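# A look at the structure
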Amino acid sequence: MTIGSSLRRWAGMWMSEGPKSPWGGNGGNKGGDGDDSSGGGPRNPWAFPPEGKRPRPGGSTTLDELLKRARRGGGSGGPGGPSGGMPTLPGGKGMWALIIGGLLVAWVALTSFHTIGPEQRGVVTYLGRFGGVLGPGIYPTWPAPFASVAIVNVDEIQVENFPKGEETNLMITGDQNIVDLTYQVSWNIANPEAYIFQIENPEDTVRSVAESAMRAVVATSTLDETLGAGRDVIEVRVQQMMQDILDEYNSGVQVRGVAIKNAAPPSEVEDAFKAVTAAQQQVQTDLDNARAYAGQIVAQAQGNAAEFDKLYEQYRLAPEVTRRRMYYETMERVLEHADTTVVEAPGVTPYLPLPELRRRAAAGEQTQAQPQSGQKAGGN
């Protein structure tokens, strides 16, 4: 109640005139015919003001008077007190003290309470010195600049692509070949304190370490390993080397993975490289065919050897019978498709050439079929 009444009193003190009625006269005066000069009641709003009360053209208004007083500092007898400054509160305190106090309260409220999300951590420093790590929640600290909190996201997986954009990324392999390599590195923050204080530019440091590790590993690998099945081994080696280097820096960074996206020869020699690759594939195909043929021959030889072993066992049990059977089987294979003559003592008996007769009969049928086909074609 005291502050409200004081404020109302200040507002009244700023007014240059006392309270008036709606019609322009003093509220305390009564009577009159509408002319406030006579000290009567409220003036008729439709009546023309008296000659002495008419506003002069260009005369000052209440707003002009307030602006003049503000420029003069309020005057010696103004509502601000004898000094003409800001109006005072009961007890002698000025309005500036209230404003400054409000700003102090707002400053403390805004800089002393910090909200940390579930995936975040807050690194507290007091006058530049490490003061601890805040977990998820709301925490009070000293106001700035006495204390500050740097919030970092420890769950976010950050990805670095090499190279940036459409640039080429040429590297030399262990067998003195050049390869254009595109790869990706993913990492996150494992130690917020080390991440904030140990390295100045964490992202640039991670990129530099990743590029150095990849070039070091590729320099000890062959071109075939880089382009082919050796990619998995290269990725594991690069990840391990990166982690070792970053741990030596005490960077607080955890390498999540390394993935080779594309490995190809430089565009200037791509055609020649394709030709070499095709020749290597053809060589590999010929080697596979030769190995397969050698395997067949060896298997056949092994079968023949096993069959000979069985035949030898039979010959050893019955030599004469086995010898005669082998002779007959051999003669059957030799004379199966041949015209033969049987010679018997005391004379010569010709063998009936049945295979020859069959061949002659087949040749005659073909000769008769050809003229018949020609007559049909001519008739059409």
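Since the model is a prediction, treat every value here as computed from it, not as a measurement.

This next bit is on a nonpolar patch on the surface. Together, Trp96, Ile99, Ile100, Leu103, Leu104, Trp107, Val108, Tyr126, Leu127, Trp142 and Phe146 make up a nonpolar patch on the protein surface, roughly 1200 Å² of accessible area in all. For Val108, the position within the fold is in helix H3 (residues 95-112). The exposure class of Val108 is partly exposed, given its relative accessible area of 33%.

A few words on the pattern of salt bridges. All told, the structure shown has 7 salt bridges when counted by the stated rule. A salt bridge links Glu329 to Arg325, with the nearest nitrogen and oxygen atoms 3.1 Å apart. Within this pair, Glu329 and its partner Arg325 are both found in helix H9 (residues 319-335), separated by 4 residues, close to a single helical turn. Judged by relative accessible area, Glu329 falls into the partly exposed class, the value being 33%. Taken together, the shared-partner salt bridges in this structure form one network comprising Glu320, Arg323 and Arg324.

Next up on the list: the packing of helix H5 (residues 202-218) against helix H7 (residues 231-249). It is the contact of H5 with H7, at a shortest axis distance of 9 Å, that shows an interaxial angle of 135 degrees. On the basis of their axis angle, the class for H5 and H7 is oblique. The crossing of H5 and H7 is right-handed. For the pair formed by H5 and H7, the contact residues are Thr205, Val206, Val209, Ala210, Ala213, Met214, Ala216 and Val217 on the first element and Ile234, Arg237, Val238, Met241, Met242, Ile245, Leu246 and Tyr249 on the second. Taken together, the residues of the contact of H5 with H7 break down into 14 nonpolar, 1 polar and 1 charged.

This part takes up the sheet that holds strand S2 (residues 120-126). Strand order in this open sheet of 3 strands is S3-S2-S5, and the pairing throughout is antiparallel. Bordering the open sheet on either side are strand S3 (129-134) and strand S5 (147-153), each of which pairs with just one other strand. Neighbour-to-neighbour, the strand axes of this sheet turn through a mean angle of 25 degrees, independent of strand direction. Relative to S3, S2 runs antiparallel, the two sharing 5 bridges. Directly across from Tyr126, in S3, lies its bridge partner Arg129.

Formed by 28 residues in total, the largest nonpolar core has its most connected members in Met171, Leu181, Tyr183, Val185, Met214, Val238 and Met242. Those elements giving two or more residues to this core turn out to be strand S8 (178-189), H5, H7 and strand S9 (253-264). Beyond its immediate sequence surroundings of up to four residues, Met171 is in contact with Asn177, Ile178, Val179, Leu181, Tyr183, Met214, Arg215 and Val218.

Moving on, we come to the packing of aromatic side chains. If you walk through the whole model with that rule in mind, you get 4 aromatic pairs. Measuring from centroid to centroid gives 4.8 Å for Phe162 and Tyr183, while their planes differ by 10 degrees, and the two rings are stacked. Taken together, the residues Phe162 in strand S6 (residues 158-162) and Tyr183 in strand S8 connect sequence positions 21 residues apart. The burial state of Phe162 is the same as that of Tyr183; both residues are buried. Taking 5.8 Å as the distance between ring centres and 55 degrees as the angle between the ring planes, the aromatic pair formed by Tyr327 and Tyr328 counts as tilted. Note that Arg207 overlies the ring of Phe162, its terminal NZ or CZ placed 4.2 Å from the centroid.

Here we come to the packing of helix H8 (residues 270-317) against H9. Packed helices, taken two at a time, are described by the angle their axes make and the gap between the axes. The geometry of H8 relative to H9 is characterised by a closest axis approach of 5 Å and an angle of 130 degrees between their N-to-C directions. When the interaxial angle is binned, H8 and H9 end up oblique. Contacts from Leu311, Gln314, Tyr315, Arg316 and Leu317 of H8 reach H9 at Pro319, Thr322, Arg323, Arg325 and Met326. Its residues placed into classes, the contact of H8 with H9 shows 5 nonpolar, 2 polar and 3 charged.

Let's shift gears to unusual backbone geometry. Residues Ala144 and Pro145 are joined by a peptide bond in cis, for which omega reads 5 degrees. Mapped onto the fold, Pro145 is located in the loop between strand S4 (137-140) and S5. Following Phe162, the chain continues to Pro163 via a peptide bond in cis, the omega torsion being -5 degrees. Within the secondary structure layout, Pro163 lies in the loop between S6 and strand S7 (170-172). Of note in this structure, Gln176 is not a glycine but carries a positive phi near 65 degrees. Secondary-structure assignment places Gln176 in the loop between S7 and S8. Even without glycine at this site, Asn250 takes up a positive phi of about 55 degrees.

Counting through the fold element by element, Glu235 comes out in helix H7. Arg231 provides the closest opposite charge to the buried, unpaired Glu235, separated from it by 6.6 Å. If near-sequence neighbours (up to four positions away) are discounted, Glu235 is found in contact with Val258, Ala259 and Ile260.

What counts and what doesn't
- Residues numbered from 1 in each chain as written.
- Predicted model: local features only at pLDDT ≥ 70, side-chain atom pairs only at ≥ 80, totals over all residues.
- Heavy atoms only, no water.
- Patch = residues over 30% accessible without salt bridge, like charges linked within 9 Å, V, L, I, M, F, W, Y side chains within 5 Å.
- Areas by Shrake-Rupley, 256 points an atom, 1.4 Å probe, with all protein chains shown as cover.
- Salt bridge = Lys/Arg side-chain N within 4 Å of Asp/Glu carboxyl O.
- Helix = DSSP H or I, 4+ residues; strand = E, 2+ residues; numbered from the N terminus.
- Buried < 20%, exposed > 50% of the residue type's maximum accessible area, 1.4 Å probe, protein only.
- Axes fitted to C-alpha atoms, helices over the stretch in contact; angles between N-to-C directions.
- Parallel < 35°, antiparallel > 145°, perpendicular 65-115°, else oblique.
- Left-handed = near helix turned anticlockwise from the far one by under 90°.
- Contact = heavy atoms within 4.5 Å.
- Nonpolar A, V, L, I, M, F, W, Y, C, P; charged D, E, K, R; others polar.
- Pairing = 2+ DSSP bridges.
- Core = buried A, V, L, I, M, F, W, Y, C linked by side-chain atoms within 4.5 Å.
- Phe/Tyr/Trp six-rings, centres within 6.5 Å; stacked < 30°, edge-to-face > 60°.
- Lys NZ or Arg CZ within 6 Å of the ring centre and 35° of its normal.
- Lys, Arg positive; Asp, Glu negative; His and termini not counted.

Purely geometric numbers; function is a separate question.
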